[in-house]
Amino acid sequence: MEVPLAIDQVGRALDYTVADREVELNGCVEVTVGVRPYAALVTAVHGELTGEGDVGKLKPVRRVLSGALPTALVTLAQFVADYYQVPFGMAAGLITPADAAPAPDPTGWALTSGGRAHVAGIPPHHRAQRALAALFTPRTSYAINVAATDELSATQRRLLRDWHQAGWLVPVFAQPQPTLVLPQLPEFTPAQRDAADALRARATAFSVSLLHGVTGSGKTEVYLDLVASVLNAGKQVLLLVPEINLTPQLIDRVLKALPGVATAVLHSKLAAGERNRAWHRVHSGEARLIIGTRLAVFAPATNLGLIVIDEEHDGSYKQNESPRYHARDVAIVRAKQADIPVVLASATPSLETWRNVRYAAAQGARGDAYQYIALRERATAAAPSSLRLVPARGRRVKAGLSETLADGIAARLKRGEQSLVLVNRRGFAPALYCPHCGWSAPCKRCDAKMTLHQTTRSLRCHHCGAQSGVPSKCPACGHPELVGAGVGTQKLEAALIEAFPDARIARADTDSLSGKHAWRELYERILAREVDIVVGTQMLAKGHDFPALTLVGVVDADRALFSTDFRAQEDLFALLTQVAGRAGRHALPGEVMIQTEFPDHPVFHALLAGDYEGFAEQTLASREAIGLPPATRMALVRAESKDAQAVADFFTQAHAVLREALGDEGEVFAPQPAPLARKADFTRWSMTAVAVKVRPLAEALLTLRQAMQAAKPKVRWAVDVDPYDFG
Ligand code: ADP
Ligand code: ZN
Ligand code: ZN
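Since the model is a prediction, treat every value here as computed from it, not as a measurement. (Residues numbered from 1 in each chain as written. Chains lettered and ligands numbered in written order. Predicted model: local features only at pLDDT ≥ 70, side-chain atom pairs only at ≥ 80, totals over all residues. Heavy atoms only, no water.)

**Things to note about the site of ligand 1**
Near ligand 1 you find 17 residues, and of these Glu187, Gln192, Gly216, Lys219 and Thr220 are the closest. Contact distances for ligand 1 include 2.8 Å between an oxygen atom and a side-chain N or O atom of Arg253. Out of a free accessible area of 560 Å², ligand 1 has 78% covered by protein chains. Looking at the shell around ligand 1 element by element, the count peaks at three residues for helix α9 (residues 219–232). Of the residues that constitute the shell around ligand 1, the class distribution is four nonpolar, eight polar and five charged. (Near = heavy atom within 4 Å. Polar contact = N/O pair within 3.5 Å; in protein donor to acceptor, adjacent residues only side chain to side chain. Areas by Shrake-Rupley, 256 points an atom, 1.4 Å probe, with all protein chains shown as cover. Helix = DSSP H or I, 4+ residues; strand = E, 2+ residues; numbered from the N terminus. Nonpolar A, V, L, I, M, F, W, Y, C, P; charged D, E, K, R; others polar.)

This is how it looks when you write it as C-alpha cells:
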C-alpha cells in the first residue's frame, strides 16, 4: 500500500504493509514516519507481496482512520498540489481526518466486507469474539448500535476498538431523515426578493454568483434563503466565514434563521477529537450545514449542493503557510467539479472576483457561469452612517487621538452610547526610543524594532517572538528616560483612560484576546453595554452588530496609502467600508471619523461617495497598466537560511531556471530581500514572477521545483502562488 507524504518538493509515496488490515483506495490510515504518526491517504493498494528483502523492512499501517474519501475530494487535493505547487502528500493532509485523535463517537458500527469475513472465521473457543460477533447479524445489515455496546464487557470493547483500527468496522452516524427547513427570515424587500430569485435560478448547476450588497443590505438573508432551499432538496451546504471566533454573531444568526438543521462547525482551533467528530459527521451526511473557516473548503461532504463564501474578499481565506491555498478559489474549483453553485457575498468584492464577474462576457464559455447581483440599498430603515475625514494633526493630539475624535467620544459618553477606536497595529510601535540620542530597541535576531508591551512591561519582537525586559536607561548614551513612540492599541488605550477616566474602556487585539473564549466574552460585554469605548485592531471590523455603537474612529488609515503592498489600498477600502457598517445599524444614527493627513486621496473620495465601483474600476485599470494581479497571475519564490551566501546562490540559480522556463510567457523579477530581511537569524529573500496565462506559469514553476530539488540547495524555500503576503 502506498501513501503520499510531503517529504520533498516533488513528493513521492511511501509503502506500508497492511497485514490483516482492510484498507481501501482513497481511504485514510495512520502510519509512522520516523517516530511520528501521520494521517495519510491511500493512493495505491498492491496485491500480496511475498519474499524477502525490501518487503520485510516495510512498516505496518498503525490503524485505519476511514474508508474511501469521495473521489472528487482526492481530485481537489490533486488540484491544490498542482496549482499551489506543493507535493501531493501535503495537499492530501488537507482532506484527511486528524491523526492521533481518539476515534469519534458514533451512533453505531457496521461491518465491512473484511469484517464479515473475519466474523465468519472466528473459531468457537474465542468467547469474547463470538459474543461480539453475535451482535452483528445479517438481519441488522451487519450493524450494531451504540446503545447495544453498553452491554459489552471491557474485553469486548477493546475488541471493538481493534476491529475498527483493523478496518473491519466503520463508524455509523445517525442519518436523520432530512426534515423540512422552515427558514425564519424577515419579509424581503423587493431588491432582496429579486436577488434571491436570481440565485435560485442558477442553483441547479455550476455557477458563480457575486452577491454585492452595501452593508446593511441584508445579503445574509438572501443567501440563507438559497441555503434553505438547497437543504430542502436534501443536499449539504458549505458556508465559509472568515474567522470563526470573530464571527459568533453571524453563526447565531444563521442557526436562528435555519432552526433544527444539523450543523457541523469546522475551524483550526478545534481539538483533534472535535475535529474528527465533525469530519465524520460531515462525511456520513449527518451534518447538513457545514460552517467553517478556510479549511472547511475541504470538508468531506459527499452530497454537497451549494457553497457560500461570506466576505469573500477577506484575507483570511488565503492560508499563510504551505500549502498556501486560497479557499475561495479552491471552492470555485470544487463547485465546478461537483456542478453546483457558489455564492460570493461581499460589500467590497476582491478585485479578482470583480474582474471575473464583471468581465465574464469577455471570457467566452467560462463566463456564462458568472452572474452579478447587486443590493444597493439597506434592508432596514436605519440610515447609513455618515463618514467624515478629520485632520490627524491639530491641537491636543494625544497618542494619535485628534481633538475632533476625542470630542465625538465625549459626546457619546454623555448620551450613554458606545464608541469604537480602530488601530491597525499591535502593541506600541515603534517601541521604545531614547529622546536624547534616538536609540531604539532592536531585535537581536530580526531587522525589526522591539515592541513595548505595557501590561507586562516587556519588549517583544512581533516577528520572532523574542522577549526582554525594559532597560532602565538608554544603553547607547545612558539617558535615564526612554519613551514609547507611535500609536498602538495599548498606547491609545492609555491615552483614552487618561482623557476619559470615568469611561469603561476595553481593548481588543490579538494580545488581549489570545484565549479561546476571550472575544466571545468581550463581545457579550459590549452587547450588554458594559463597555463605553472599545479600542482595537481590524478584528473589530468583522460582521458584528452592536446597537448602541454610534461612533467609529479610525486613527491610522494613512499607513495603507504608502504601503509597498499593492493590495494595501484595496484592503483599506474594504476595512473602512466594513467598519463604517459597524456604526449606527439600528435606531441611532452612526458616525465614522477617519483621521487622515491626506483628505484628497482618491481612496477617501471613493469611500465618502460610497463608490466601490469607481474605486474598483480605477484600481483595476492601474493594475492592468502595470501588470499586477488580477490582470496577471503572480507567483512568489521565497528562500531563507542562516547562511546568507546559500540564499544568494539559491536565487542566482532559481532566477536563471525560472526565466528560461517561463520564456516569453511572463516576466521574472530580480530577487529582493524580503521586507523583513532577517528574521530569527535567517536571511530572507524572495523573487516574483508574473504571467498572463496560468498554465505556462504553472509549468515553469514545476520545472523550477524539479531543478532546485535536484540541486539540493542549503536553504528552506517554497513557492507561493497568488501571493497575498510579501513579508
Ligand atoms: P448584510 O447581511 O448585507 O451584511 P447586515 O448584516 O449589515 O447586512 O444588516 C442587515 C440587517 O438587516 C440585519 O440585522 C438583518 O437581520 C436585517 N434585515 C435584513 N433583511 C431584512 C428585511 N427584509 N427586513 C428587515 N430587516 C432585515
Ligand atoms: Zn540615548
Ligand atoms: Zn525578532
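**A closer look at the packing of helix α5 (residues 127–134) against helix α7 (residues 154–165)**
Closest axis-to-axis distance for the α5/α7 pair is 9 Å, and the angle between their directions is 70°. Here α5 is positioned roughly perpendicular relative to α7, judged by the angle of their axes. Residue-level inspection shows Ala128, Gln129, Ala131, Leu132 and Ala133 of α5 in contact with α7, the latter providing Thr155, Gln156, Leu159, Leu160 and Trp163. For the contact of α5 with α7, a count of residues per class yields seven nonpolar, three polar and no charged. (Axes fitted to C-alpha atoms, helices over the stretch in contact; angles between N-to-C directions. Parallel < 35°, antiparallel > 145°, perpendicular 65-115°, else oblique. Contact = heavy atoms within 4.5 Å.)

**Remarks on the confidence of the model for the protein chain**
When pLDDT is averaged along the protein chain, the result is 84; 87% of the residues meet or exceed 70. Considering only residues more than four positions removed or in separate chains, one finds that residues 426–430, a stretch of pLDDT under 50, has 25 contacts. (pLDDT = per-residue confidence, 0-100.)

**Details of the pairing of strand β31 (residues 682–691)**
Of all 10 residues in β31, nine are buried; the element is thus mostly enclosed. Direction of pairing for strand β28 (residues 633–641) relative to β31: antiparallel, over a ladder of nine bridges. Along β31, the bridge assignment pairs Met634 with Val690. With three bridges joining them, strand β29 (residues 666–668) and β31 adopt antiparallel strand pairing. (Buried < 20%, exposed > 50% of the residue type's maximum accessible area, 1.4 Å probe, protein only. Pairing = 2+ DSSP bridges.)

**Examining the pattern of salt bridges**
Where side chains of opposite charge bring their charged atoms close, a pairing between them can arise. In total, this model carries 26 salt bridges according to the counting rule given. The salt bridge involving Asp329 is made with Arg328; its shortest N-O contact spans 3.1 Å. The class of Arg328 is buried, set by a relative accessible area of 2%. Where Glu640 meets Arg684, a salt bridge forms, and the shortest distance between an N and an O atom there is 3.4 Å. (Salt bridge = Lys/Arg side-chain N within 4 Å of Asp/Glu carboxyl O.)

**With respect to the environment of Asp314**
As for its placement among the helices and strands, Asp314 is situated in the loop between β14 (304–310) and α12 (327–338). On the accessibility criterion, Asp314 (7% relative accessible area) is buried. In sequence terms Asp314 and Arg328 are 14 residues apart; their C-alpha atoms lie 9.6 Å from each other. A polar contact is formed between the side chain of Asp314 and the side chain of Ser316, at a distance of 2.8 Å.

**Concerning empty space enclosed by the protein**
The final tally for this structure, using the stated rule, is three cavities of 30 Å³ or more. By volume, the second largest cavity amounts to about 60 Å³. In terms of lining residues, the second largest cavity is bounded by Tyr83, Gln85, Arg633, Val694, Leu697, Ala698, Leu701, Val721 and Asp722. Counting residues per element, the lining of the second largest cavity draws most heavily on helix α21 (residues 694–711), at four residues. (1 Å grid on protein atoms, 1.4 Å probe; cavity = no way out; pocket = protein on both sides within 12 Å on 5 of 7 lines; lining within 4 Å. Points joined across faces, edges and corners; volume = space filled by probe spheres on them.)

**Some details on the packing of aromatic side chains**
Counted under the stated rule, the structure contains 12 aromatic pairs. Taking the centre distance of 5.1 Å and the plane angle of 85° together, the rings of Phe650 and Phe651 count as edge-to-face. On the accessibility criterion, Phe650 (2% relative accessible area) is buried. For Phe651, a relative accessible area of 3% gives the class buried. An aromatic cluster is defined as three or more aromatic residues linked by ring pairs; in this entry it consists of Trp354, Tyr372, Phe573, Tyr612 and Phe615. A cation over an aromatic ring shows up here: Arg36 above the ring of Tyr38, its NZ or CZ 4.3 Å from the ring centre. (Phe/Tyr/Trp six-rings, centres within 6.5 Å; stacked < 30°, edge-to-face > 60°. Lys NZ or Arg CZ within 6 Å of the ring centre and 35° of its normal.)

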